[in-house]
Amino acid sequence: MHQVIERDANREMIDMQSEPLLNVTDLTVNYDGVVALDHVSLTAPAGQLYGLIGPNGSGKSTFLAAISRHGKVTEGRLEFAGRDYTGEPAFVAARLGISRSFQTVRLQEDLSVLENAMVGADHHRITRPVIFNWLRLVRNRREEAECRETALSALERVGLVDYKDQFPSSLSYGMQRRVEIARCLASDPKLLLLDEPTAGMSPAETDDISELLMGLRDSGLTQILVAHDLSMIHAVTDHVFALNFGKLIAEGNSVDVANDPDVRKAYIGVADEE
Amino acid sequence: MLNFFSSNEILLQTIAVFSLLAFSVQISLRAGAFSLAGVGCWAIGGYSLAISDRHDMHPVIGVLIGIVVSAIISYLLALLLVRLRGLYLGMATIAFNQMVGIALIHGGDFTGGELGIYGIGARISTFQLFAVLALVSFLLWALERGMLGRAYNIVRDDEPLAASLGIDSESMRRFAFVLSGAVGGLAGALNAMMLGIVSPTDADFPVIVIALTMVIVGGYHSWLGALIGAALIQWLPIGLQSFGIEGMSEWWSVVYGLLILFIAVYMPRGLLGGLQRLGSLMARRHQDFREA
Ligand SMILES: Nc1ncnc2c1ncn2[C@@H]1O[C@H](COP(=O)(O)OP(=O)(O)OP(=O)(O)O)[C@@H](O)[C@H]1O
Ligand SMILES: [Mg+2]
């Protein structure tokens, strides 16, 4: 009950904001001949948990790669909090507050769980020139302590504080995924992009992640979630975008999108093939 | 103790100078750039010192010129080679070293041609060499710990991940390139003071092989690995001799080859990595023992 009220309060705050957080106009991505994204336009106001669905190869990962500036943009325009960042490299997008996970787990094997999360917390220091960070030998210690605190609270949030001194290879797949989310959270992002964070997880692990994402949304974090599991999409998202063959074919709440004739056709078409 | 130092003075000096050369290569390897340009800078540093010595400049000025010239050339090289990775970068930097060697041969009176420059007057003491080594080690220690250490790990292993975390891999690698060049130049200048001569072979293949071997044997993940590698590789010929193994000139290269083979196969992170693994294994044993 308490949470619901808080969430509604958040909603109202969001409605009052005029600028959408993410604004994508005519986004097109060509891979020598293959049109992976075809004039996709969408607007994402802050504070919501968005779902991005579509059959295999429909362009979901390409979309996340483009808006995090990891992948190329052939045509179109990307705006984040009112700022055009279409031509920026990926590290600049990250510094703007766009944080992402990848479709496969990417942790640093020779760093502990805590250190992996601290990499995210280094976010604001990493913008300074290397030489500046290098010569700040004395103040480094205090900043290091602050960074550790931030990382610890991110680990707390994903329920992994007890594992902070372990190494990634000794954790289960679901836990490794959560370390990645903690690393993203430690950087205090404005927009979190998650590419199939629950692929290959047990139902219990999936529920844990669902709960975590909803909790984050309730605290105001905007997220875009790519998932194949439609029941998860129903359970957690506020708004869904559906892609097929690189085109945005539907958007709206999860029930409407799932009942959309084009979406049904796209999924049944895939089911027929298999 | 004192006796040991005086009888091994030359070995100690060589270890100090070659540790700096090893640092130079280690700095770029650690940043994920397979660059051997530190060897070209070693020659540039040596010649900078030799030439300024001939013009009666203070040795400190000569060393500084070596460092600065090496750093500037490395910066330009970094801009030029920014797109190259792995073996291609390695080849390009070997080509750079060869070009330095050729330029030194054809430099006329300025570089002394094929023979190089000898009779360098500037001298350096063992103590001074180790003071420089300690200072550079400290700076590298600072570069490898905390935030920069973590960031360089990721730049080396996973560039897309680095970008997703706001890390500008290109500028971090460029910094490593310049630092690697500066340290290589420093090492070369000190070497010139230690030996009293420089020659175009300073940029040649054997130096590249020695530099790379020291780093691979010791472990490129840390400055300490490079230091261990340099000490071992410089000590080994003398060490084998003192164990009474005769006819060293024949056996040395066999032992050398076997050592590298063994480490490449069983210790991908070099001796330091091997020691660290042993250490953590023992710690775990100890803990199990206490828990039991
Ligand atoms: N690097 C690339 N080069 C060429 N074609 C690519 C590349 N990456 C993706 N594609 C193509 O672009 C299309 C969209 O791929 P994308 O990976 O975005 O799909 P997806 O929706 O994420 O699929 P999945 O559900 O399997 O992860 C596919 O046809 C794919 O083959
Ligand atoms: Mg995908």
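Analysis parameters
Residues take numbers from 1 onward in each chain, read along the sequence in its written order. Whichever chain is written first becomes A and whichever ligand is written first becomes 1, with later ones labelled in order. The model is predicted, so local features are restricted to residues of pLDDT at least 70 and side-chain atom pairs to those at 80 or more, both for listing and for counting; the totals for chains, interfaces and linings are taken over all residues. Where side-chain values are given, they derive from all heavy atoms of the structure, hydrogens and water being excluded. Within this scheme, the nonpolar core is defined by two criteria: the residues are buried Ala, Val, Leu, Ile, Met, Phe, Trp, Tyr or Cys, and they are joined through side-chain atoms within 4.5 Å. Here's how the labels work: a residue is buried when its accessible area is under 20% of the maximum for its type, exposed when over 50%, partly exposed in between, all with a 1.4 Å probe on protein chains only. Each metal's donors comprise the N, O and S atoms found within 2.8 Å of it (within 3.2 Å for Na, K or Ca). Water is not part of the atom list, so some coordination spheres may appear incomplete. Note on conventions: DSSP H or I runs of at least 4 residues are helices, E runs of at least 2 residues are strands, and numbering of each starts at the N terminus. Contact definition: two residues touch when any of their heavy atoms are within 4.5 Å. In short, buried area is how much 1.4 Å probe accessible area vanishes from two parts on joining, totalled over both. Salt-bridge detection follows one rule: a side-chain nitrogen of Lys or Arg within 4 Å of a carboxyl oxygen of Asp or Glu. Definitions used throughout: a 1 Å grid over protein atoms alone; a cavity as a set of points that fits a 1.4 Å probe which cannot get out; a pocket as an open set with protein on both sides within 12 Å along at least five of seven lines; a lining residue as one with an atom within 4 Å of a point. Grid points are joined across faces, edges and corners, and a volume is the space filled by probe spheres set on the points. All residues other than Ala, Val, Leu, Ile, Met, Phe, Trp, Tyr, Cys, Pro, Asp, Glu, Lys and Arg, Gly among them, are scored as polar; the first ten of these are nonpolar and the last four charged. In protein, a polar contact requires one atom able to donate a hydrogen and another able to accept it; more generally it is a pair of N or O atoms within 3.5 Å, and residues adjacent in sequence count only if both atoms are side-chain atoms.

### Notes on the nonpolar core
Ranked by internal contacts, the top residues of the largest apolar core, which has 84 residues, are B:Leu21 and B:Phe23. Within the second largest apolar cluster, 41 residues are counted, among which are A:Leu194, A:Met201, A:Ile209 and A:Ala242.

### Brief notes about the coordination of the magnesium ion (ligand 2)
All names here are of chain A. Protein coordination of the magnesium ion (ligand 2) is provided by Ser61 (OG) and Gln103 (OE1), with donor distances spanning 1.9 to 2.6 Å. Here serine 61, found in helix α2 (residues 60-67), pairs with glutamine 103, found in the loop between β6 (98-100) and α4 (113-121); they are 42 residues apart in sequence, far enough to count as distant. With relative accessibility at 28%, the residue serine 61 sits in the partly exposed group.

### Observations regarding the interface of chain B and chain A
The partner chain A presents 28 residues to the 30 residues of chain B that form the contact. Buried area between chain B and chain A, both sides added, is near 2,600 Å², and the carbon and sulfur share of it is 66%. For the pair chain B and chain A, the number of links is 5 salt bridges. The shortest N-O distance in the salt bridge between A:Asp122 and B:Arg150 comes to 2.9 Å. When contributions to the side of chain B that touches chain A are tallied by element, the ones reaching two or more residues are α6 (126-144), α7 (146-157), α8 (159-164) and α9 (169-195) of chain B. Among the elements that take part in the side of chain B that touches chain A, α7(B) stands out by supplying 10 residues, more than any other.

### A look at empty space enclosed by the protein
All names here are of chain B. As enumerated under the stated definition, the model contains 4 cavities of 30 Å³ or more in all. Considered as a void within the structure, the largest cavity measures approximately 70 Å³ in volume. In terms of lining residues, the largest cavity is bounded by Gln26, Ile27, Arg30, Ala31, Leu140, Leu143, Glu144, Tyr152 and Ala176. Contributing elements (two or more residues each) for the lining of the largest cavity: α2 (9-30) and α6. Among the residues forming the lining of the largest cavity, the class breakdown is 6 nonpolar, 1 polar and 2 charged.

### Examining the side chain of A:Glu79
All names here are of chain A. Looking at where glutamate 79 falls in the secondary structure, it is placed in strand β4 (residues 75-80). The exposure class of glutamate 79 is buried, given its relative accessible area of 16%. Separated by 3.1 Å, the side chains of glutamate 79 and arginine 77 make a polar contact. When near neighbours in sequence (up to four residues on either side) are disregarded, glutamate 79 contacts Leu21, Leu22, Asn23, Asp84 and Tyr85.

Read these as geometric descriptors, not functional statements.
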